[in-house]
Amino acid sequence: MRKTRFVATSASSQEGSDTPEQTEPAGGLRKRTLVVGVSMGVGALLCFVLSAGFSGGQSAVSDTAVPEISSLQEQIRITEAKTAALPKADDAKRGLTAALTAAGQVAKLQNDYRYLTPSVAADGGTLDTATSQSTLRNLIPYFAPSVHQADLGPWYLLASDKDVAAGVGIPMSFNSGFQWVAQVPYLVNDDSTITVTWLAMETRTGAGEKPAVLAWTRADYDLVRKAFVNIQTGTTATGEALKQEVKAP
């Protein structure tokens, strides 16, 4: 798992520097349209080269055109193969829905870790594996076996939450000061994965203040395995200053 820190000089610059780049909506199947368009363009160019290769009514293609024709034919073959591999519209829609549903469950489970912050602080920043085991067990099914269980621990904990009284007395309505929110994905990648981003958003803000992004996590949802792979996490400059350090047990 790669960890990245995005640094911003002020809160006003967070949208430009602190947050990972967001994917713009594209109607879900922009890549399919692009690939088909490229295929048609390459095919038209191939026809032009073929017509240019004939001269004086001869039926043979000139020697200089043969390498170009071979290269263009290979490009058409690759483009057609990529087009065939892309999901149909209905499949893409179902895949995006499945990815978002799974991402929402992962966000909920990561938010459950927030209640452990007081005990982590009391233990000098060490996460008690016994108390976190229940959440971890529920997270594992959403990720491929290639994802290390260590990467499924708390992605972010807020330092100010350490002042909350530890134990079973923490109410379920406890406002931790931040929450993980899954961002809506819009595109299916060429490799049949969907990139999903989670943002740790500030929840305790003053009047008229925009919630700050404290941390982010990104993973690819594999439509074949129906699980997340390739996790990356990071904190913003604001989040880095406010986070609770968690040590390996």
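Reading the values: the criteria
Residues numbered from 1 in each chain as written. Predicted model: local features only at pLDDT ≥ 70, side-chain atom pairs only at ≥ 80, totals over all residues. Heavy atoms only, no water. Salt bridge = Lys/Arg side-chain N within 4 Å of Asp/Glu carboxyl O. Helix = DSSP H or I, 4+ residues; strand = E, 2+ residues; numbered from the N terminus. Buried < 20%, exposed > 50% of the residue type's maximum accessible area, 1.4 Å probe, protein only. Phe/Tyr/Trp six-rings, centres within 6.5 Å; stacked < 30°, edge-to-face > 60°. Arc of directions from axis to C-beta. Contact = heavy atoms within 4.5 Å. Pairing = 2+ DSSP bridges. Core = buried A, V, L, I, M, F, W, Y, C linked by side-chain atoms within 4.5 Å. Polar contact = N/O pair within 3.5 Å; in protein donor to acceptor, adjacent residues only side chain to side chain. Patch = residues over 30% accessible without salt bridge, like charges linked within 9 Å, V, L, I, M, F, W, Y side chains within 5 Å. Areas by Shrake-Rupley, 256 points an atom, 1.4 Å probe, with all protein chains shown as cover.

## Points about the pattern of salt bridges
Part 1: Counted according to the given criterion, the structure contains 3 salt bridges.
Part 2: The residue Asp 161 makes a salt bridge to Arg 204 at a minimum N-O spacing of 3.8 Å. Of the two residues, Asp 161 is situated in the loop between helix 6 (129-139) and strand 2 (178-182) and Arg 204 in the loop between strand 3 (193-202) and strand 4 (213-222); the sequence distance between them amounts to 43 residues.
Part 3: Residue Arg 204 is classed as partly exposed on the basis of its relative accessible area, which comes to 40%.
Part 4: When the shortest N-O distance is used, the salt bridge between Asp 222 and Arg 225 registers 3.2 Å.
Part 5: We classify Asp 222 as buried; its relative accessible area is 11%.

## Focus on the packing of aromatic side chains
Part 1: Scanning the entire structure with this criterion turns up 6 aromatic pairs.
Part 2: Between Trp 155 and Trp 180, the aromatic rings sit 5.5 Å apart at their centres with planes inclined by 80°, giving edge-to-face as the arrangement. Of this pair, Trp 155 sits in the loop between helix 6 and strand 2 while Trp 180 is found in strand 2, placing the two residues 25 residues apart along the sequence. Of the two residues, Trp 155 and Trp 180, both sit in the buried class.
Part 3: Aromatic side chains Tyr 221 and Phe 228 sit 5.0 Å apart centroid to centroid with 65° between the ring planes, which places their arrangement in the edge-to-face category. Residue Tyr 221 shares its accessibility class with Phe 228, and that shared class is buried.
Part 4: In this structure an aromatic cluster arises from ring pairing among Phe 143, Trp 155, Trp 180, Trp 198, Tyr 221 and Phe 228.

## Here we look at helix 6
Part 1: Along helix 6, the residues that are buried comprise Ser 132, Thr 135, Leu 136 and Leu 139. One side of helix 6 holds all its buried residues, which, seen down the axis, span an arc of 105°. Turned more than 90 degrees off the buried face of helix 6, the exposed positions are Ala 130 and Arg 137.

## A short note on the side chain of Gln 110
Part 1: The residue Gln 110 is located in helix 4 (residues 89-112) in this model.
Part 2: Those residues in contact with Gln 110 that lie beyond four places of it in its chain are Leu 139, Leu 152, Gly 153, Pro 154, Trp 155 and Trp 180.

## Quick word on the pairing of strand 3
Part 1: Counting buried positions along strand 3 yields 7 of 10 residues, so the element is predominantly enclosed.
Part 2: By the bridge criterion, 9 bridges tie strand 3 to strand 4 in an arrangement that is antiparallel. Its bridge partner being in strand 4, Met 201 is matched across the sheet by Val 213.

## A few points about the nonpolar core
Part 1: In terms of nonpolar packing, the biggest core is built from 36 residues, with Phe 143, Trp 180, Trp 198 and Phe 228 touching the most fellow members.
Part 2: Of all the secondary structure elements, the ones that give two or more residues to this core are helix 4, helix 6, strand 2, strand 3, strand 4 and strand 5 (227-236).
Part 3: Here this core gets 8 residues from one element, more than from any other, and that element is helix 4.

## Concerning the side chain of Arg 218
Part 1: Along the chain, the position of Arg 218 falls in strand 4.
Part 2: Polar side-chain contacts of Arg 218 include one of 3.3 Å to the side chain of Thr 197.

## Some thoughts on a nonpolar patch on the surface
Part 1: Where nonpolar side chains cluster on the molecular surface, the patch consists of Leu 100, Val 184 and Tyr 186 and spans about 230 Å² of accessible area.
Part 2: Mapped onto the secondary structure, Tyr 186 falls in the loop between strand 2 and strand 3.
Part 3: According to the relative accessible area criterion, Tyr 186 is partly exposed, its value standing at 32%.

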